[in-house]
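Architecture at a glance
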Amino acid sequence: MPETYEGKETEGTVLRIERSSFFDGDGFRTVVFLKGCPLRCWWCSAPESQNMQIEGTKEEETRRKIYGRRMTVEEVLKEVRKDSSFYFHSGGGMTLSGGEPLSQPYFSRCLLQQTEREGIDTVVETTFYGDWGDIDSMLHHVSAAYVDLKIMNPEEHKKYCGVDNKKILENLKRTNETNAGFRLVIRVPVIPGINDSEENLHRTGAFAGRLKHLDAVELLPCHSLGAGTYRKLGRPYLLPDLQPPSPEELDRCREILSLYVKRVI
């Protein structure tokens, strides 16, 4: 490995590193989850990823769990490299996720840039809530970007996600201008009663269908697996009665989106 490269000793706050994932991009992947996210989605399944600071659960000392640690780009890469042979044989690689990678833009870019230089496939999972310059720079070092598109109405988006969606939609539109070679996958978390109306689905499909890099729209059925973590962190879970959408509901959503995009998964 090279003795030096840009950002090698730059530190970031990492939530955790998960190996052997097959759900965050193609093939066998190592997923690097960063801490810090500007959104506060009511259904977030990883509330421990939202705050940039290292934090612990509100439990007695013997049961207390700490979320996050400081790591350099090189320390993360040492973990990523351990499974290089599996990436080669499966078409996998590293996925950078969060939280929100754009909350730590320089750390994220340096990590993606060096991983790509070492011949490891790179993917990013992001809300696109960030500065376009940081996004465009990041897109030049990934083979695919998985971008959340939760709610089209800006007031509803602010209510349920903590911020309006103007910046997200503008950044998605600007991907039509970039010369970065990446696949765009729009991810829609299906939250019954919040974003599964026909109006929102039609608006989502029409918007996604105009994105030149679009490869697919992926539906993600919601779940309440993060409810216990909210409790341990001493924070309220705002959707205690949340139920995942039925197969029939997902089919209905898929049919509407398919009017606008070729591939819905």
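Residues numbered from 1 in each chain as written. Predicted model: local features only at pLDDT ≥ 70, side-chain atom pairs only at ≥ 80, totals over all residues. Heavy atoms only, no water.

Examining the packing of aromatic side chains
The description of an aromatic ring pair rests on the distance of the ring centres and on the angle between the ring planes. Selection criterion: Here the aromatic set is Phe, Tyr and Trp, taking the six-membered ring for Trp, and pairing holds for ring centres within 6.5 Å; pairs whose planes are under 30 degrees apart are stacked, those over 60 apart are edge-to-face, and all others are tilted. The helix count covers DSSP runs of H or I at least four residues long, the strand count covers runs of E at least two residues long, and both are numbered beginning at the N terminus. Buried residues are those whose accessible area, probed at 1.4 Å on protein chains only, stays under 20% of the maximum for their type, while exposed residues exceed 50% and partly exposed ones sit between those limits.
Counted according to the given criterion, the structure contains 4 aromatic pairs. On the numbers, 5.1 Å between centres and 25° between planes, the contact of Phe28 with Phe86 is stacked. Taken together, the residues span a long stretch of sequence, with Phe28 in the loop between strand E1 (11-21) and strand E2 (29-34) and Phe86 in helix H2 (residues 84-90) at a distance of 58 residues. Ring centres of Phe28 and Tyr87 lie 6.4 Å apart, and the angle between their planes is 45°; this geometry places the pair in the tilted category. Residue Phe28 is located in the loop between E1 and E2, and its partner Tyr87 is located in helix H2; the two are separated by 59 residues in the primary sequence. Take Phe28 and Tyr87: they sit in the same class, and that class is buried.

Focus: the nonpolar core
Inclusion rule: Buried Ala, Val, Leu, Ile, Met, Phe, Trp, Tyr and Cys residues form a nonpolar core when they are joined through side-chain atoms within 4.5 Å. Contacts: residue pairs with any heavy atoms within 4.5 Å of one another.
Core analysis: the largest hydrophobic core is formed by 51 residues, its most contacted members being Val32, Val76, Val80, Leu111, Leu139, Leu172 and Ile186. Residues in contact with Val32, not counting those within four places in the same chain, are Val14, Arg16, Ile17, Val76, Val80, Met94, Thr95, Leu96, Ser97 and Leu111. Counting 16 residues, the second-largest nonpolar core is a separate cluster that includes Leu39, Trp43, Ile194 and Tyr230.

So, the pairing of strand E6 (residues 93-97)
Just so we agree on the cut-off: Each pair of strands is called paired provided DSSP finds at least two bridges between the two strands. Look down the strands so they point away from you; if the path from the first strand over the helix to the second goes clockwise, the crossover is right-handed.
Most of E6 is tucked away, with 5 of its 5 residues classed as buried. As paired elements, E2 and E6 share 5 bridges and run parallel to each other. Residue pairing across strands places Val32 opposite Leu96, the latter belonging to E6. Here E6 runs beside strand E7 (residues 121-126); their pairing, made up of 4 bridges, is parallel. Note that in E7 the partner of Leu96 across the bridge is Val124. Read as a crossover between parallel neighbours, the route from E6 over helix H3 (residues 105-117) to E7 is right-handed.

Some remarks on the sheet that holds E6
Where we set the bar: Whenever a helix is involved, its axis is fitted only over the stretch in contact; in every case the axis is a line through C-alpha atoms, and angles between N-to-C directions fall within 0 to 180 degrees.
On the basis of which strands lie adjacent, the open sheet formed by 8 strands has the order E5-E1-E2-E6-E7-E8-E9-E10 and mixed pairing. In this open sheet, the two edge strands, each paired with only one partner strand, are strand E5 (69-72) and strand E10 (214-221). Strand-to-strand twist across the sheet, computed as the mean angle between neighbouring axes with direction ignored, equals 30°. Bridging between strand E8 (residues 144-148) and strand E9 (residues 183-190) involves 5 bridges; their strand directions are parallel. The residue of E9 that forms the bridge with Val147 is Ile186. Across the sheet, helix H9 (residues 247-257) is in contact with E9 and E10; its angle to E10 comes to roughly 160°.

Some details on the pattern of salt bridges
Heads up, the rule is: Just to be clear on terms, a salt bridge is a Lys or Arg side-chain nitrogen sitting within 4 Å of an Asp or Glu carboxyl oxygen.
Enumeration according to the criterion identifies 20 salt bridges in this entry. Between Glu59 and Arg63 there is a salt bridge whose closest N-O contact spans 3.8 Å. Overall, Glu59 belongs to the partly exposed group, its relative accessible area being 23%. A salt bridge links Arg263 to Asp215, with the nearest nitrogen and oxygen atoms 2.7 Å apart. Placement of the pair is Arg263 in the segment after H9 and Asp215 in strand E10, with a sequence separation of 48 residues. Here Asp215 falls in the partly exposed class, since its relative accessible area comes to 27%. The network of salt bridges with shared partners includes Asp26, Arg183, Asp215 and Arg263.

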